[in-house]
Amino acid sequence: MFENQIIIHVDMDAFYASVEMRDDKTPVGKPLIIGSMPNERGVVSTCNYEARKYGIRSGMNIKEAFNLCPKGIFMHPNFDKYRKVSNQLHKILESYTDVTEYIALDEGYLDLTKKVNSWEDAGRIGLEIKKRVREELSLTCSVGLAYSKTAAKMASEEKKPDGYFEIPNRDEFIKLVLDRNVRALYTVGEKTAKKLHLYGVDTVRDLQDKKNEVKRFMGKQGEYLVDLAFGFDDRKVIPYKEEETKSISKEFTFQKDVSSFRLLDDVLFILAFRIEQRAKRLGLYGEGVSLKITYSNMKTITRSTLISANTNDAYTIYENTSKLLKNVPKAEVRLVGTGIYHLREEDGRQLSFFDVFSKESDIVKEKAEAKWQEMKAYYKIDFDKIKNISNGMNIYGYIERMREVMESMQKYNI
Ligand SMILES: [Mg+2]
């Protein structure tokens, strides 16, 4: 049986950019773009609303952003600072319930179903959160109150920035989204939307009308999508527990087993960027690095090592995993994975050494760039789209193409 919940979704407005503008007034009223610098490779991580007027968006190539707005102020992100603000936000949210789930530094769900006596009480809490965020953090957020997670997320999006919106039940949800593109159901990404388009489904209404076809052709995913189109979503808010995030890892199973350890090494390099992305979002650093290999006979081995300074940097993760890879038995491999463990919130570095380390981080960046270039030349694949950590692009296709290239080189003994 489907039951309504009472869920609040809080989302900070243009978070990184807003924090920077709060702390330094220079960019206020001007377009501010956080991400890579225009002379570097990379993408826009966040930008303020002035920059959005120029058509700049998160995930956009930094060169494109620069062309749209050459006078904009470009800045690197300062994750340590954002994490501190994020912790302050969590304190506010956790004063209302301990059933909170954070999906990014600036975003979280609160389940108030068992905490309040009425919908109106929840509404008052929603508005109070906005007020406290403004007063205590000098920042704005958007708040959505709704009967499900999907609806709450959508509600916070609805009146952004500094918005407040309620979706009390399925009827209201359907009214709101019925004639919107399926992408409005925020779990529907570009790829899924394209797939649905092939079945003649563009809007949520289409999805309702063609529910049988969608279920038939898309299986479990189809059923889930159809449920969403009818406003059914009983996913629970799952409280984040410190001890649950003991490690962050990412693994990859090949379509066909591979024998090239050079390929495995390169895949570890790509996976390390996904670890970096997730760790930075959570504001966590690892004390150790791990490697996992499953051979074609299904035997799995793991190796791990502690590293000198806590890290969440992709190249450092890769460098250490790569050393581990050199010492494992050579045989056909079906799965390779890497990760960091013993997570903590501090990187354990002295601030007074900042200069030294910022130089060090430049060296690490150069090494990573050199590795990308070398891989590009070797596989004849352009990795530009997946190399930046803020880009959520699927790495699956890239790795499979690398495997195919490697396979054909081995076949012709190149
Ligand atoms: Mg946000």
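Reading guide: rules and limits
Residues numbered from 1 in each chain as written. Predicted model: local features only at pLDDT ≥ 70, side-chain atom pairs only at ≥ 80, totals over all residues. Heavy atoms only, no water. Helix = DSSP H or I, 4+ residues; strand = E, 2+ residues; numbered from the N terminus. Rg over C-alpha atoms; globule rule 2.2 N^0.38 Å. Buried < 20%, exposed > 50% of the residue type's maximum accessible area, 1.4 Å probe, protein only. Contact = heavy atoms within 4.5 Å. pLDDT = per-residue confidence, 0-100. Pairing = 2+ DSSP bridges. Right-handed = clockwise from strand over helix to strand, strands pointing away. Donors = N, O, S within 2.8 Å, 3.2 Å for Na, K, Ca; no water. Domains from an automatic or database assignment. Buried area = accessible area lost by both parts, 1.4 Å probe. Salt bridge = Lys/Arg side-chain N within 4 Å of Asp/Glu carboxyl O. Core = buried A, V, L, I, M, F, W, Y, C linked by side-chain atoms within 4.5 Å. Axes fitted to C-alpha atoms, helices over the stretch in contact; angles between N-to-C directions. Arc of directions from axis to C-beta. Polar contact = N/O pair within 3.5 Å; in protein donor to acceptor, adjacent residues only side chain to side chain.

Draft legend 1. Structural context of the overall build of the protein chain. When helices and strands are tallied, the protein chain shows 15 helices and 12 strands. At 23 Å, the protein chain has a C-alpha radius of gyration in line with the 22 Å of a compact globule built from 414 residues. Each principal axis of the C-alpha distribution contributes one length, and for the protein chain these read about 65 × 60 × 45 Å. Counting only residues that meet the buried cut, the protein chain has 48% of its 414 residues in that class. Expressed as a percentage of contacts within the protein chain between residues at least 6 apart in sequence, the contacts between residues at least 24 apart total 66%.

Draft legend 2. Broad picture of the confidence of the model for the protein chain. The predicted model of the protein chain averages 89 in pLDDT, with 93% of residues at 70 or higher. Below a pLDDT of 50 lies the segment residues 348–357, which in the model reaches five contacts outside its immediate sequence neighbourhood of four places, other chains included.

Draft legend 3. Examining the pairing of strand E7 (residues 141–146) more closely. Of all six residues making up E7, six are buried, and the element is well covered by its neighbours. By the bridge criterion, six bridges tie strand E1 (residues 7–12) to E7 in an arrangement that is antiparallel. Directly across from Ile8, in E7, lies its bridge partner Leu145. Bridge count between E7 and strand E8 (residues 164–167): four bridges; the pairing is parallel. By the bridge assignment for E8, Ala146 is matched with Ile167. One crossover worth recording links E7 to the parallel E8 by way of helix H6 (residues 149–158), and it is left-handed.

Draft legend 4. Broad picture of the coordination of the magnesium ion. Those protein atoms acting as donors to the magnesium ion are Asp11 (OD), Met12 (O) and Asp106 (OD), and they sit at 2.1 to 2.5 Å. We note that the donor set of the magnesium ion lies within a single chain, spaced as D-M-x93-D. Of this pair, Met12 sits in strand E1 while Asp106 sits in the loop between strand E5 (100–104) and strand E6 (107–111), and the two are 94 residues apart along the sequence. Each of the two residues, Met12 as well as Asp106, counts as buried.

Draft legend 5. Just the pairing of strand E2 (residues 32–35), in detail. Alternating residues of E2 divide into Leu32 and Ile34 and Ile33 and Gly35, and every residue in both groups is buried. Judged from the three bridges that link them, E2 and strand E4 (residues 73–75) form a sheet pairing that is parallel. Pairing of Ile34 across the sheet is with Met75, part of E4. Judged from the three bridges that link them, E2 and strand E3 (residues 44–47) form a sheet pairing that is antiparallel.

Draft legend 6. Molecular detail of the domain arrangement of the protein chain. Here the domain parsing of the protein chain yields domain 1 (7–12 + 80–173), domain 2 (15–79), domain 3 (174–229) and domain 4 (242–411). Computed over C-alpha atoms only, the centres of domain 1 and domain 3 are separated by 27 Å. Here domain 1 meets domain 3 over a buried area of about 980 Å², counting both sides, of which 58% is carbon and sulfur. Looking only at domain 1, the three residues that lose the most surface to domain 3 are Thr150, Met154 and Phe173, adding up to 49% of its buried area. Seen at the junction of domain 1 and domain 3, the total is two salt bridges. A salt bridge links Lys175 to Glu172; its shortest N-O distance comes to 3.4 Å.

Draft legend 7. Here's a closer look at the nonpolar core. Ranked by internal contacts, the top residues of the largest apolar core, which has 47 residues, are Phe254, Leu264, Ile270, Ile293 and Phe383. Sorting the residues of this core by element identifies strand E9 (247–258), helix H11 (261–282), strand E10 (285–295), strand E11 (300–311), helix H12 (314–326), strand E12 (333–344), helix H13 (354–379) and helix H15 (396–411) as the ones contributing at least two each. When residues of this core are assigned to their parent elements, the largest contribution, 12 residues, is made by H11. Sequence-distant contacts of Leu264, defined by excluding residues within four places in its chain, comprise Phe254, Val258, Ile293, Leu325, Val333 and Val336. Formed by 34 residues, the second largest nonpolar core is a distinct cluster that contains Ala17, Met21, Val85 and Val116.

Draft legend 8. The arrangement of the environment of Tyr396 in detail. Within the secondary structure layout, Tyr396 lies in helix H15. Each C-alpha atom of the pair Tyr396 and Ser408 lies 19 Å from the other, and the pair is 12 residues apart in sequence.

Draft legend 9. Summary view of the sheet that holds E11. Strand order in the open sheet made by the four strands is E9-E12-E10-E11, with antiparallel pairing throughout. Strand pairing shows two members of the sheet lacking a second neighbour, E9 and E11, which therefore form its edges. On average, adjacent strands in this sheet sit at an angle of 15° to one another, irrespective of strand direction. Taken together, the 10 bridges between E10 and E12 define a ladder with antiparallel strand orientation. Along E12, the bridge assignment pairs Lys292 with Gly337.

Draft legend 10. Quick look at helix H7 (residues 170–177). Buried residues of H7: Phe173, Ile174, Leu176 and Val177, and no others. Angularly, the buried residues of H7 cover 160° about the axis, an arc narrow enough to put them on a single face. Turned more than 90 degrees off the buried face of H7, the exposed positions are Asp171 and Lys175. Here the buried face of H7 lies against H6, E8, helix H9 (204–209) and helix H10 (211–229). Where H7 begins, the side chain of Asn169 points an oxygen toward the backbone nitrogen of Asp171, at a separation of 3.3 Å.

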